[in-house]
Amino acid sequence: MPSRKFAEGEVVRGRWPGSSLYYEVEILSHDSKSQLYTVKYKDGTELELKESDVKPLKSFKQRKSGSTSSSPSRRRGSRSRSRSRSPGRAPKGSRRSASASHQADIKEKEARREILQVKLTPLVLKPFGNSINVYNGEPEHMERNDISHKTKQERIILSPEGSYTATQYSLRPRREEVKVKEVESKEQKLVPRGPAPLETFQVTTPQRKDLEFGGVPGAFLIMLGLPATLFLLLLQCRQKDPSLLTFPPPLPALDQLWETRVCGIYLLWFFVQALFYLLPIGKVVEGTPLVDGRRLKYRLNGFYAFVLTSAAVGASLFWGMELHYVYTHFLQFALAAVLFSVLLSVYLYAHSLKAPRDELSPASSGNAVYDFFIGRELNPRIGAFDLKYFCELRPGLIGWVVVNLVMLLAEMKVQERDVPSLAMVLVNSFQLLYVVDALWNEEALLTTMDIVHDGFGFMLAFGDLVWVPFTYSLQAFYLVSHPHDLSWPFASFIIALKLCGYVIFRCANSQKNAFRKNPSDPKLAHLKTIHTSTGKSLLVSGWWGFVRHPNYLGDLIMALAWSLPCGFNHVLPYFYVIYFTMLLVHREARDEHQCKRKYGLAWEKYCQRVPYRIFPYVY
Ligand SMILES: NC(=O)c1ccc[n+]([C@@H]2O[C@H](COP(=O)([O-])OP(=O)(O)OC[C@H]3O[C@@H](n4cnc5c(N)ncnc54)[C@H](OP(=O)(O)O)[C@@H]3O)[C@@H](O)[C@H]2O)c1
Ligand SMILES: CC(C)=CCC[C@@H](C)[C@H]1CC[C@H]2C3=C(CC[C@]12C)[C@@]1(C)CC[C@H](O)C(C)(C)[C@@H]1CC3
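Residues numbered from 1 in each chain as written. Chains lettered and ligands numbered in written order. Predicted model: local features only at pLDDT ≥ 70, side-chain atom pairs only at ≥ 80, totals over all residues. Heavy atoms only, no water.

**Quick word on the overall build of the protein**
And step 1. Counting its secondary structure elements, the protein contains 21 helices and 13 strands.
And step 2. Counting only residues that meet the buried cut, the protein has 54% of its 619 residues in that class.
And step 3. The long-range share in the protein, meaning contacts at least 24 apart out of those at least 6 apart in sequence, stands at 75%.
And step 4. Put simply, the protein shows about 28000 Å² of open surface, and 62% of that area lies on carbon and sulfur atoms. (Helix = DSSP H or I, 4+ residues; strand = E, 2+ residues; numbered from the N terminus. Buried < 20%, exposed > 50% of the residue type's maximum accessible area, 1.4 Å probe, protein only. Contact = heavy atoms within 4.5 Å. Areas by Shrake-Rupley, 256 points an atom, 1.4 Å probe, with all protein chains shown as cover.)

Spelled out as structure tokens, the structure:
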């Protein structure tokens, strides 16, 4: 049996996770299997530390300065929060001996590189001088989001008790703690940022036991069901009578579906988009903190990729390229995309087998089938090329706009029209606006659950590369062979509906993004907030006081406006609204689950205050 250095009850120094600072701790126990010591800090925090993070007292020189804090939290409370990434780092200007400071600097660098193998003790809601309400970040009352309130919040956080509780609370495994920060700008804002997120350390990625999407059988069925649904929709859409009650035509034989040229074009499309992604244009930002405190860098050039793609497509049309080929070979393109996404998923799964445990997605389970579906690795990269981030916005989303354009041209050709129909123009422009909006606000993608929580596996590979371009364009595909004359009054109503949905969607998303970026933003001063012990607050008035997911509501209103131009003869063009309602209801439940875990009682208070999830007075 391996020997242990320290005995139970011994008083030693233990490293504070993620920092180079050591505090006095008492050894409570030792686990011979994991070789971890359970230690207790003076302020009561219990952690498990590996042996190399525990040092005998005598190996530390006593500091001369009288400002020593024996509690990580107290020290933390007095540090400059905007600068330090280490919870225990001393404030700028605090005196340390040259050697201690040198040693600390080296350790700090090490800490950034290595992953601390510290397991965090689950949060124990012990009363600690304060009431459990305060401990758990429960707001004593609702606050207005004004500056005086910010100062108050600041004080609460910085008080020893406040910082202690917040610190301990934030030690819960969380990835969602977010601050997307521009890398290139080194300037620090002088405006108080409100309760900036406290550092969090999730040292090992816990694998989930409570699986989503119906667990392993659910994931398996979805993987079979999605491609089947896709081909069913496309086949049915080409039918003269696209009623869902009529039997779908048989799938063409594989040798008819397989077209090498189509596969070549599809690959060309994918790699040209990859090339655009690699162009050194657009600012570079940092994503949300990872398990080890690192933040990955992302280049925001999706909008440039879109402009370049538009120029390339425009030029090829000018030189007489026949986009009609895409329409006549739509099923073949869909098959190429399906095969590509399956191969990519296999590659991603194989890639993840080499990934360290802490780089796995918190959604992964350890079950091969489920992990193949949800994605095992969180951020698979080839060098600096982030596969998930790239696929989420570029080939599929921009591809969707190109497919819509193909359908618009096909409509003119098939129906021998000089100009596209009003219905087709509306569908094209509405969806174009949606894609341009997503690319323009690309940075917001970095805080979505797809990037922060879900791995990159079949679900997103298929969703991004196949589902989005081939099913989201169904209305335009439908209109090619099922013309629908729209009256101007009805078209005006649809435009108004779309604009209404867009305003809700954009304002809600922008309000939250602005608040997360700078909670003290004077433009948001009129909003009420609930304080949570993670340091972040929740908006309870404005859009986020209307329903708990106003952005989903706006998105769904827009979805309806995309389908209405197709008329009411068939359900098929409404597939997107139906599927999307199911997706967002499920997504809302997933997000709710995660927020409950993150914010505890504060989230429950928010739910009481804002009882409806998506649809006011309905759901
Ligand atoms: N077209 C499509 O197929 C499709 C699919 C999915 C999503 N979308 C759209 O994508 C956009 C992003 O959606 P999303 O699902 O990633 O989630 P989201 O609604 O943008 O974000 C949810 C997160 O917002 C924060 N939050 C929740 N309530 C809050 C409050 N009251 N105050 C402040 N922050 C609050 C929480 O995170 P933190 O507290 O950690 O910040 C929560 O986890 C939406 O507009 C959605 O409609 C479109
Ligand atoms: C059908 C199933 C089970 C899975 C596929 C889901 C997949 C199609 C979506 C999951 C996350 C979605 C998403 C967008 C598009 C659809 C998904 C990839 C998004 C890119 C649409 C535009 C938005 O503005 C957005 C916020 C950038 C979206 C991000 C999430």
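**Overview of the UniProt feature "transmembrane region" (unreviewed entry) in the protein**
And step 1. What UniProt calls "transmembrane region" (unreviewed entry) maps, in this numbering, to residues 216–236, 256–279, 300–321, 327–350, 452–470, 490–508, 529–547 and 567–586.
And step 2. In this annotation, residues 300–321 is assigned 77% helix and 0% strand; the end-to-end C-alpha distance for the span is 30 Å.
And step 3. Each end of residues 452–470 is marked by a C-alpha atom, and these two atoms are 26 Å apart; helix forms 74% of the span and strand 0%. (UniProt positions renumbered as here; feature names shortened; annotations may be inferred.)

**As for the environment of Ala476**
And step 1. Position of Ala476 relative to the elements: it lies in helix α17 (residues 474–481).
And step 2. With 114 residues separating them in the primary sequence, Ala476 and Pro362 have C-alpha atoms 37 Å apart.
And step 3. Not counting the four nearest positions on each side in its chain, Ala476 is found in contact with Asn404, Met407, Met424 and Val427.

**Remarks on the site of ligand 1**
And step 1. Around ligand 1 lies a shell of 26 residues, among which Tyr472, Tyr552, Asp555, Asp591 and Tyr599 are the nearest.
And step 2. Within the side chain of Tyr434, a nitrogen or oxygen atom sits 2.8 Å from a nitrogen atom of ligand 1.
And step 3. The class makeup of the residues in the shell around ligand 1 is 14 nonpolar, 4 polar and 8 charged. (Near = heavy atom within 4 Å. Polar contact = N/O pair within 3.5 Å; in protein donor to acceptor, adjacent residues only side chain to side chain. Nonpolar A, V, L, I, M, F, W, Y, C, P; charged D, E, K, R; others polar.)

**Remarks on the packing of helix α13 (residues 387–414) against helix α16 (residues 458–471)**
And step 1. Interhelical geometry of α13 versus α16 gives an angle of 10° and a closest axis separation of 7 Å. Between α13 and α16, the crossing angle belongs to the class labelled roughly parallel. On α16, the residues that touch Lys388, Cys391, Glu392, Pro395, Gly396, Leu397, Gly399, Trp400 and Val403 of α13 are Leu460, Asp464, Leu465, Val468 and Pro469.
And step 2. Of the residues in the contact of α13 with α16, the class split is 9 nonpolar, 2 polar and 3 charged. (Axes fitted to C-alpha atoms, helices over the stretch in contact; angles between N-to-C directions. Parallel < 35°, antiparallel > 145°, perpendicular 65-115°, else oblique.)

**A few points about the nonpolar core**
And step 1. Among the nonpolar cores identified, the biggest contains 117 residues, and Leu230 and Met407 are the most heavily contacted of them.
And step 2. When residues in this core are grouped by element, the largest group, 15 residues, is from α13.
And step 3. If sequence neighbours within four positions are ignored, Met407 has contacts with Tyr327, Phe330, Met424, Ala476, Phe477 and Val480.
And step 4. Membership of the second largest hydrophobic core comes to 16 residues, among which are Ala508, Phe515, Leu527 and Leu539. (Core = buried A, V, L, I, M, F, W, Y, C linked by side-chain atoms within 4.5 Å.)

**Here we look at the site of ligand 2**
And step 1. Neighbouring residues of ligand 2: 16 residues in total, closest Glu392, Ala438, Asp450, Asp464 and Tyr472.
And step 2. When the free accessible area of ligand 2 is taken as 630 Å², the share hidden by the protein chains comes to 85%.
And step 3. At the level of elements, α13, α14 (422–440), α16 and α20 (575–599) are the ones that each hand at least two residues to the shell around ligand 2.
And step 4. The leading source of residues in the shell around ligand 2 is α16, at 6 residues.

**Describing α16**
And step 1. Across its 14 residues, α16 extends only 17 Å between first and last C-alpha, which sits more than 12% below the 20 Å expected from 1.5 Å per residue.
And step 2. The largest bend along α16 reaches roughly 35° and is located at Asp464. (Expected span 1.5 Å × (residues − 1). Bend = angle between axes of the 7 residues up to and from the residue.)

**Considerations on the side chain of Gln236**
And step 1. Along the chain, Gln236 falls in helix α6 (residues 215–238).
And step 2. In this structure Gln236 touches Pro242, Ser243, Leu244, Thr246, Phe247, Pro248, Pro249 and Leu572, once residues within four positions along its chain are discounted.

**Quick notes on the packing of aromatic side chains**
And step 1. All told, the structure shown has 43 aromatic pairs when counted by the stated rule.
And step 2. With centroids separated by 5.4 Å and ring planes inclined at 55°, the aromatic side chains of Tyr277 and Phe390 adopt a geometry described as tilted. Linking Tyr277 in helix α8 (residues 260–278) with Phe390 in helix α13, this pair joins segments that are 113 residues apart in sequence. Taken as a pair, Tyr277 and Phe390 share a single burial class, namely buried.
And step 3. Aromatic side chains Trp400 and Tyr434 sit 6.1 Å apart centroid to centroid with 65° between the ring planes, which places their arrangement in the edge-to-face category. Taken together, the residues Trp400 in helix α13 and Tyr434 in helix α14 connect sequence positions 34 residues apart.
And step 4. Taking relative accessible area as the criterion, Trp400 reaches 0% and is therefore assigned buried.
And step 5. Relative accessible area serves as the criterion here: at 14%, Tyr434 is assigned to the buried category.
And step 6. Just above the ring of Tyr325 sits the side chain of Arg261; from NZ or CZ to the centre is 4.6 Å. (Phe/Tyr/Trp six-rings, centres within 6.5 Å; stacked < 30°, edge-to-face > 60°. Lys NZ or Arg CZ within 6 Å of the ring centre and 35° of its normal.)

**Observations concerning the state of the cysteines**
A covalent bond between the sulfur atoms of two cysteines is what we call a disulfide.
And step 1. For the structure on display, the rule yields 0 disulfides.
And step 2. Take Cys237: it sits in no disulfide, and the sulfur closest to it among the cysteines is that of Cys566, at 8.5 Å.
And step 3. Residue classification places Cys237 among the buried residues on the basis of a relative accessible area of 1%.
And step 4. Cys566 gets classed as buried once you look at its relative accessible area, which sits at 2%. (Disulfide = S-S within 2.5 Å.)

**A look at a nonpolar patch on the surface**
And step 1. Taken together, the side chains of Phe220, Leu221, Leu224 and Val369 define a hydrophobic patch exposed on the protein surface, amounting to about 380 Å² of accessible area.
And step 2. Summarising the element assignment, Val369 is placed in helix α12 (residues 368–374).
And step 3. By relative accessible area, which is 30% here, Val369 ends up partly exposed. (Patch = residues over 30% accessible without salt bridge, like charges linked within 9 Å, V, L, I, M, F, W, Y side chains within 5 Å. Salt bridge = Lys/Arg side-chain N within 4 Å of Asp/Glu carboxyl O.)

**Brief notes about the side chain of Ser365**
And step 1. Tracing the chain through its elements places Ser365 in the loop between α11 (330–353) and α12.
And step 2. The exposure class assigned to Ser365 is buried, which follows from its relative accessible area of 12%.
And step 3. A distance of 2.9 Å separates a polar side-chain atom of Ser365 from the backbone nitrogen of Asn367.

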